[in-house]
Amino acid sequence: MTAQIRSALKNTLSVLTPELIKSFRRGYTKADFSKDLMSGVIVGILALPLAIAFAIASGVGPEKGLYTAIIAGFLIACLGGSRFQIGGPTGAFIVVVFGIVREYGYDGLATATLMAGVMLVIFGIAKFGSIIKFVPFPVTVGFTAGIAVIIMLGQVPNFFGLHFASGIKEPADAIGKIKLYATSLDSINLYSVIIGIVALLICIYWPRVSKKVPGSLIAILVTTAFVKILGWDSLHEVITIGAKNHIPSGFPVPAMPNISIEMMQKVFQPALTIALLGAIESLLSAVVADGMTGTKHRSNTELVGQGIANIISPIFGGIPATGAIARTATNIRNGGTSPVSGIVHAMVLLMIMLVFGKYAEMIPMAALAAILFQVAYNMSGYRIFIKLFKAPKSDITVLLITFALTVIIDLTVAIEVGVLLAAVLFIRRMAEVAEVDSVTSELREDDEEVADPNNLAARQVPKGVIVYEIAGSLFFGAIDKFNSVLEEVSGHPKVLILRMRQVPSIDAAGIKMIEELFMRSKKEGTTLLLSGVHAQPILALTRAGVMKELGEENVLGNIDAALNRSREILGLPLVETHIPFVPSVAWEENLEKPWIPENANGIVAEESPEVIVERVTEMNMQAIKDEVKDYDDKDGSK
């Protein structure tokens, strides 16, 4: 028992041990620190305009974006499971955050962020690091492209300097935005458009000059100087950050957000969306980093780090944070070697905010809009989006519906519907490829040499025996298809052999089908034999009691055993096969005589990994109880 507890503690500690500590254990040199310092400074400068832009686009003040990039970025670097991950606010959260703030205010957002952080920690400790695998690719591409469109739409007023009539609030949905913009075209500010175009051109073409200094920073410096020198902010009403927001020059004071049970109930669904989106985004970023460096991140540790960062972020007035792919890639390209570069990036941001925060208020909103246009363009993944139109129709359907729902309705609904639709279409596809057919007469007439040693073409099928073969999982989606074929079994054969060598799994509906087929066969005087049954179906049939009804001797490992069992039932002499034995199911390899059951199926069921795990767990629980009892007895004797 003590060994089991030690093992469990060791696994938990492994998940909770940050990559920062492991990097130091591997050996951290002055040369490594020099590289991390340089990379952290560059990434910190890059993160400044993005943090401000993402916060404003999300409907909160620019300072909240900076707080998030500093606090969450620091914690993700310290506690995460990737060497290169740079965390902070990202474009993926803009749609969700904007909707929450619009409906519930910042307290609702803080509550949702904190709840999402707790969920992420639970995901990590429960080892759900592979969660990214369960989100279908068309869903990810669809909602990412949808988010890009929403971001672009949301920045149209800032880029064109639109003014809305007094009392009119900008709608959250895309159609409402487009209608409002269309009615406000007469308020376009030409000077804002000029600033926006200049900033956009700098963002696009600056990388040709230098890739070390981010183009977004140059765009902000140039356009801010341009507006201030020419006085366009006062003369021509070019809106700057300071016209709507104030950036503090001090460190935020920690304070618990106003959390209530009622608010938690209201924002539970958005909180789950933030958690899932944060997990997907951070793990995607870590995978990209692995591909660029040849390293391997620890996904569960990364989720725990992301979770703690999102728990602490709202306490310091922040918003949701996750791993940022662009900043992480920049970190790698500039020589980052460990999470220290992420810590440096957070410290650089803090220094900039404390020293230059007041100057950030001079940044024109049109320049921030241009930066977000480029961010949206980069995250849209339009090439992948277009390429997916060559995929199966079901994937195209999922892609377009997820994209449309993200743009028109809501990201939460889009992900839920997209995943559900993808699952339903997958089930349908699996049901379509599942097959069941009689292979008796066709194979009797087949005189060609057959490569498959388990094929019936080289065997004699006794008269009065019909063989049907099932291919594909025997699950609820395919039952009607199987039943419609098996109901056509005519002539009341003496023996019906159901070959299941191509059935890897079976569910409750499949078990029910086998049971009903057995009852119908029994009523018609037909003996049902199962041939080539894999371990999972054996376990499922044994647990359901169907194995006992069928009879151990009627569930066999391969077709030779099934044919000889049918001869035995018909009173015919057994036939010794001259074909070399090749296991048709994996468990046959462990039996000396797989064609003679002798409780072989029972052994398979008992030795199934699922049963073994349950048995070990039961033994451990009993051992714990015994040890506690012994301790109590000893303690009582003192």
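Residues numbered from 1 in each chain as written. Predicted model: local features only at pLDDT ≥ 70, side-chain atom pairs only at ≥ 80, totals over all residues. Heavy atoms only, no water.

### Quick notes on the overall build of the chain
Scanning the chain from terminus to terminus reveals 29 helices and seven strands. A total of 638 residues make up the chain; the buried ones form 52% of that total. Only carbon and sulfur atoms are counted for the fraction: they give 63% of the accessible area of the chain, which is about 30,600 Å². (Helix = DSSP H or I, 4+ residues; strand = E, 2+ residues; numbered from the N terminus. Buried < 20%, exposed > 50% of the residue type's maximum accessible area, 1.4 Å probe, protein only. Areas by Shrake-Rupley, 256 points an atom, 1.4 Å probe, with all protein chains shown as cover.)

### What to know about the pattern of salt bridges
Taken as a whole, this structure holds nine salt bridges when the rule is applied. D233 is paired through a salt bridge with K228; the nearest N and O atoms lie 2.8 Å apart. Residue D233 is classed as partly exposed on the basis of its relative accessible area, which comes to 24%. Here E516 makes a salt bridge to K512, at a shortest N to O gap of 2.5 Å. (Salt bridge = Lys/Arg side-chain N within 4 Å of Asp/Glu carboxyl O.)

### Let's talk about the packing of aromatic side chains
The tally for this structure, following the rule as stated, stands at ten aromatic pairs. Judged by centre distance (5.1 Å) and plane angle (45°), the ring pair of F159 and F373 falls under tilted. In this pair, F159 sits in helix 7 (residues 156–160) while F373 sits in helix 18 (residues 365–380), placing the two residues 214 residues apart along the sequence. For F373, a relative accessible area of 14% gives the class buried. Ring centres of F385 and F403 lie 5.3 Å apart, and the angle between their planes is 65°; on these two criteria the pair is classed as edge-to-face. Residue F385 is located in helix 19 (residues 382–387), and its partner F403 is located in helix 20 (residues 393–408); the two are separated by 18 residues in the primary sequence. F385 gets classed as buried once you look at its relative accessible area, which sits at 13%. Using a relative accessible area of 23% as the deciding quantity, one classes F403 as partly exposed. Members of the aromatic cluster, connected to one another through ring pairs, are F159, F160 and F373. (Phe/Tyr/Trp six-rings, centres within 6.5 Å; stacked < 30°, edge-to-face > 60°.)

### Things to note about the environment of P257
With respect to the helices and strands, the residue P257 is situated in the loop between helix 12 (241–244) and helix 13 (261–266). Remark: the alpha-carbon pair of P257 and L114, spanning 143 residues in sequence, is separated by 9.2 Å. Dropping the residues within four chain positions of it, P257 is found in contact with A110, L114, P314 and I315. (Contact = heavy atoms within 4.5 Å.)

### Details of helix 4 (residues 62–79)
Between its first and last C-alpha, helix 4 extends 25 Å over 18 residues, near the 26 Å set by a 1.5 Å rise per residue. Across the 18 residues of helix 4, 16 count as buried, placing the element largely inside the fold. (Expected span 1.5 Å × (residues − 1).)

### Some remarks on the packing of helix 5 (residues 94–125) against helix 15 (residues 299–312)
At a minimum axis separation of 7 Å, helix 5 and helix 15 run at an interaxial angle of 160°. Taken together, helix 5 and helix 15 sit at an angle that is classed as roughly antiparallel. Regarding helix 5 and helix 15, the two cross each other, and that crossing is left-handed. On helix 15, the residues that touch T113, L114, G117, V118, L120, V121, F123, G124 and I125 of helix 5 are N300, L303, V304, Q306, G307, I308, N310 and I311. (Axes fitted to C-alpha atoms, helices over the stretch in contact; angles between N-to-C directions. Parallel < 35°, antiparallel > 145°, perpendicular 65-115°, else oblique. Left-handed = near helix turned anticlockwise from the far one by under 90°.)

### A look at unusual backbone geometry
In this model, K127 sits at a positive phi of 60°, which is unusual for a non-glycine residue. The residue K127 is located in the loop between helix 5 and helix 6 (137–154) in this model.

### Comments concerning the pairing of strand 5 (residues 495–502)
Working note: regular strand, side chains alternate between the two faces of the sheet. Of all eight residues that make up strand 5, seven are buried, and the element is covered over most of its length. Taken together, strand 5, helix 24 (residues 508–523) and strand 6 (residues 527–531) form a β-α-β motif whose crossover is right-handed. (Right-handed = clockwise from strand over helix to strand, strands pointing away.)

### Some thoughts on helix 3 (residues 30–57)
With 28 residues, helix 3 ought to run about 40 Å at 1.5 Å a step, and its terminal C-alpha atoms sit 40 Å apart, in line with that. Within two residues after helix 3, G59 carries a phi angle of roughly 90°, on the positive side.

### A short note on the packing of helix 6 against helix 18
At a minimum axis separation of 8 Å, helix 6 and helix 18 run at an interaxial angle of 165°. The orientation of helix 6 with respect to helix 18, classified from their angle, is roughly antiparallel. Crossing of helix 6 against helix 18: the hand is left-handed. Taken together, the residues of helix 18 that come into contact with helix 6 (itself represented by T144, A145, I147, A148, I151 and M152) are L372, F373, A376, M379 and S380. Per-class residue counts for the contact of helix 6 with helix 18 are nine nonpolar, two polar and no charged. (Nonpolar A, V, L, I, M, F, W, Y, C, P; charged D, E, K, R; others polar.)

### Observations concerning the pairing of strand 6
Across the five residues that make up strand 6, a large majority, four, are buried. Across five bridges, the pairing between strand 5 and strand 6 is parallel. Along strand 6, the bridge assignment pairs L498 with L530. Two strands pair when backbone bridges link them, and strand 6 and strand 7 (residues 555–556) are joined in this way by two bridges, in the parallel orientation. (Pairing = 2+ DSSP bridges.)

### Here we look at the confidence of the model for the chain
Considering every residue of the chain, the mean pLDDT works out to 80; 82% of them sit at 70 or more. Long-range and interchain partners of residues 612–617, a stretch whose pLDDT sits below 50, account for four contacts in this model, where long-range means more than four residues apart. (pLDDT = per-residue confidence, 0-100.)

### Structural notes on the side chain of E302
Tracing the sequence through the fold places E302 in helix 15. Buried within the structure, E302 lacks any salt-bridge partner; R298 is the closest side chain of opposite charge, at an N-O distance of 8.3 Å. One polar contact links E302 to Q306, side chain to side chain, over a distance of 2.7 Å. In contact with E302, not counting residues within four places along its chain, are I76, G80, G81, S82, Q85, S282 and L283. (Lys, Arg positive; Asp, Glu negative; His and termini not counted. Polar contact = N/O pair within 3.5 Å; in protein donor to acceptor, adjacent residues only side chain to side chain.)

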